[in-house]
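# Tertiary structure, described
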Amino acid sequence: MTDTQQLAALVSRLQGRRILVVGDIVADVYIDGRISRISREAPVLVLEQAGKTIIAGGAANVVHNGATLGGCVTAVGVVGSDADADGVRAILTDAGADTTGLIADATRPTISKTRIIAGGRATVSQQIVRLDNESHEPLGRETEARLLHAIDAALPGVDGIVLSDYGSGTITDAVKEKLIRYARAHGIPSIVDSRYDIHRFAGIGYVKQNDSELAAASGRRLKSADDIIAAAKNLLLELRADGVLVTRGELGMILALRDGAIHDIPVTDKSEVYDVSGAGDTCVATVILALASGIAPEDAARLSNYASGIAVRKLGTATVSAEELQRTIERA
């Protein structure tokens, strides 16, 4: 059996693993508008709404990808009492995920990123503006208590934990400490994907950063693979982590492990990239499922590299199925 065949055979081991994903639940909303005319009120386009689509984003996209890859995934986070929350719940429920841990807080909107797409029969459709809606107030005590209760209910029996931190306040210090402490005490893998403040997560199992996030965290420009490796090693020591996985777009990934091993993983497919939205979430979902299955970290990273390569060739925040992943690896 070739190395690629051995890797493809590992995909079946992802099935049925129990994963808990805690983090910032986001509704990615796409409003499709057909250009009608120029407004009389201002020099702007008037669009006639032709469609509206809600897609699971942020931590919800990690949940969605984990479910489509065959995991038994529980989502824990905070949403509003609104249509966007209903849309995200429906998506995750349809994928087979457990959404009982989504806490509704009527004082906050569901975090949403609404993209207005303009086009017509004779023009190319393109995004013309994005409207973000979220509360910048810290979670209230009651909401945080309900969140912690949902985590307590979900933790027994989990095989892996994801902390998905988009900087929107769901991962409070109490939430972070509970999850990291539980993972270490029970010997189960954990991974954090934090966009803005990775230094908070001391004691976590694995860290996922893209190269620009790692550069910001290290406070310096990372001009080469050697620079990235050095920064990853520093972060590994600082957080006392088991591994740091750095995604590099078209340059692939670098994985630095506690035992000193460094794995430089080239990109799997250099064909046209359509959209990088959510590819990091696909990466995280694949890695945690693989680690939870007892797969070696370097093979977990290689599986996630293939999965991310599939995601970026799809438009919008996309998911990857186990069947797609296995077929793609077998064809490589």
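Preceding this section is the structure that the text describes.
What follows covers the sheet that holds strand β3 (residues 45-58). Reading across the sheet, the 4 strands line up as β3-β2-β6-β7 and stay open at both edges, with mixed pairing between neighbours. Every other strand in the sheet has two partners, leaving β3 and β7 (123-133) as the edge strands with one partner each. For this sheet, the mean inter-axis angle between neighbouring strands, taken without regard to orientation, is 20°. Direction of pairing for strand β2 (residues 25-38) relative to strand β6 (residues 111-120): parallel, over a ladder of 9 bridges. Along β6, the bridge assignment pairs Val26 with Ile111. Taken strand by strand, helix α2 (residues 59-68) contacts β2 and β3, and its axis lies near 65° from that of β3.

Look at helix α9 (residues 297-311): 21 Å from first C-alpha to last across 15 residues, which is about the 21 Å you get at 1.5 Å a residue. Burial within α9 is extensive, with 11 of its 15 residues counted as buried. Taken together, the buried positions of α9 are occupied by Ala300, Ala301, Leu303, Ser304, Asn305, Tyr306, Ala307, Ser308, Gly309, Ile310 and Ala311.

This next bit is on empty space enclosed by the protein. Empty space left among the atoms is revealed by rolling a probe the size of a water molecule over them. This structure, assessed with the given rule, holds 3 cavities of 30 Å³ or more. Of the pockets and cavities examined, the largest cavity occupies roughly 90 Å³. The wall of the largest cavity is formed by 13 residues, among which Val78, Arg108, Pro109, Ile111 and Ser168 lie closest to the centre. Taken together, the residues of the lining of the largest cavity sort by class into 5 nonpolar, 6 polar and 2 charged. When its volume is computed, the second largest cavity comes out at roughly 50 Å³. Every residue along the wall of the second largest cavity is listed here: Ile191, Tyr206, Val207, Leu245, Leu255, Val287, Leu291, Pro297, Ala300 and Ala301. Among the elements of the structure, β10 (206-210), α8 (279-292) and α9 are those that each provide at least two residues to the lining of the second largest cavity. Here the lining of the second largest cavity gets 3 residues from one element, more than from any other, and that element is α9. Each residue belonging to the lining of the second largest cavity can be placed in one class, and the counts come to 10 nonpolar, no polar and no charged.

Let us look at the packing of α2 against α8. Orientation of α2 relative to α8, taken along the N-to-C sense of each, is 50°, at an axis distance of 8 Å. Classed by the angle they form, the pair α2 and α8 counts as oblique. Seen along the crossing, α2 lies across α8 with a hand that is right-handed. Contacts from Asn61, Val62, Asn65 and Gly66 in α2 reach Asp281, Thr282, Val284, Ala285 and Leu289 in α8. Among the residues making up the contact of α2 with α8, the classes are represented as 4 nonpolar, 4 polar and 1 charged.

Calculation rules
- Residues numbered from 1 in each chain as written.
- Predicted model: local features only at pLDDT ≥ 70, side-chain atom pairs only at ≥ 80, totals over all residues.
- Heavy atoms only, no water.
- Pairing = 2+ DSSP bridges.
- Helix = DSSP H or I, 4+ residues; strand = E, 2+ residues; numbered from the N terminus.
- Axes fitted to C-alpha atoms, helices over the stretch in contact; angles between N-to-C directions.
- Contact = heavy atoms within 4.5 Å.
- Expected span 1.5 Å × (residues − 1).
- Buried < 20%, exposed > 50% of the residue type's maximum accessible area, 1.4 Å probe, protein only.
- 1 Å grid on protein atoms, 1.4 Å probe; cavity = no way out; pocket = protein on both sides within 12 Å on 5 of 7 lines; lining within 4 Å.
- Points joined across faces, edges and corners; volume = space filled by probe spheres on them.
- Nonpolar A, V, L, I, M, F, W, Y, C, P; charged D, E, K, R; others polar.
- Parallel < 35°, antiparallel > 145°, perpendicular 65-115°, else oblique.
- Left-handed = near helix turned anticlockwise from the far one by under 90°.

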